[in-house]
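Each chain is listed here by its residues.
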Amino acid sequence: MPALSMFYGIIVRMQSEKGGKHNTPHIHAIYGDDEIVVALDGEILEGSIPGKQLKMLEGWMAIHEDELKANWKMLSEGEGYFKIDPLR
């Protein structure tokens, strides 16, 4: 699962979706031993991370919404992905 970005101990990944087995565009974020799956529209699909890190992740997702959607499309079509700037 490619890592798109890393910031403040949070690793953001997106599954390669060639063949489309997942319907909802989403990311996986890992912080320590915690993992959360968040749809690109912000809905939490599964898991959890601490509140402070969740707020940072949500802010990062809002800033990079277009890049996340572009990566989802590219990975779905088997075209690879690109890194996204971390939260600063």
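Above this text sits the structure in question.
Residues numbered from 1 in each chain as written. Predicted model: local features only at pLDDT ≥ 70, side-chain atom pairs only at ≥ 80, totals over all residues. Heavy atoms only, no water.

Asker: Help me get a handle on helix α2 (residues 65–76), residues and values and all.
Answerer: Between the first and last C-alpha of α2 there are 17 Å, a value that for 12 residues agrees with the 16 Å anticipated at 1.5 Å per step. Within α2, the full set of buried residues consists of L68, N71, W72 and L75. Relative to the axis of α2, the buried residues are bounded by an arc of 100° and lie together on one face. Of the surrounding secondary structure, the elements contacted by the buried residues of α2 are β1 (3–7), β3 (26–31) and α1 (51–63). (Helix = DSSP H or I, 4+ residues; strand = E, 2+ residues; numbered from the N terminus. Expected span 1.5 Å × (residues − 1). Buried < 20%, exposed > 50% of the residue type's maximum accessible area, 1.4 Å probe, protein only. Arc of directions from axis to C-beta. Contact = heavy atoms within 4.5 Å.)

Asker: So what's going on with the pairing of β3? Which residues, and what values?
Answerer: When a strand is regular, its side chains alternate between the sheet's two faces. Pairing analysis gives 4 bridges linking strand β2 (residues 10–13) to β3, with the strands arranged antiparallel. By the bridge assignment for β3, V12 is matched with A29. Note: β3 against strand β4 (residues 34–39), 6 bridges, orientation antiparallel. Paired with I30 across the two strands is E35, which belongs to β4. (Pairing = 2+ DSSP bridges.)

Asker: Lay out the pairing of strand β5 (residues 44–47) in plain terms, naming residues and giving numbers.
Answerer: Examined bridge by bridge, β4 and β5 share 3 bridges and lie antiparallel to one another. Bridging across to β5, V38 finds its partner in I44. Taking the residues that link successive antiparallel strands as the turn, the β4-β5 hairpin has 4 residues, and the phi of G42 there is positive, at about 100°.

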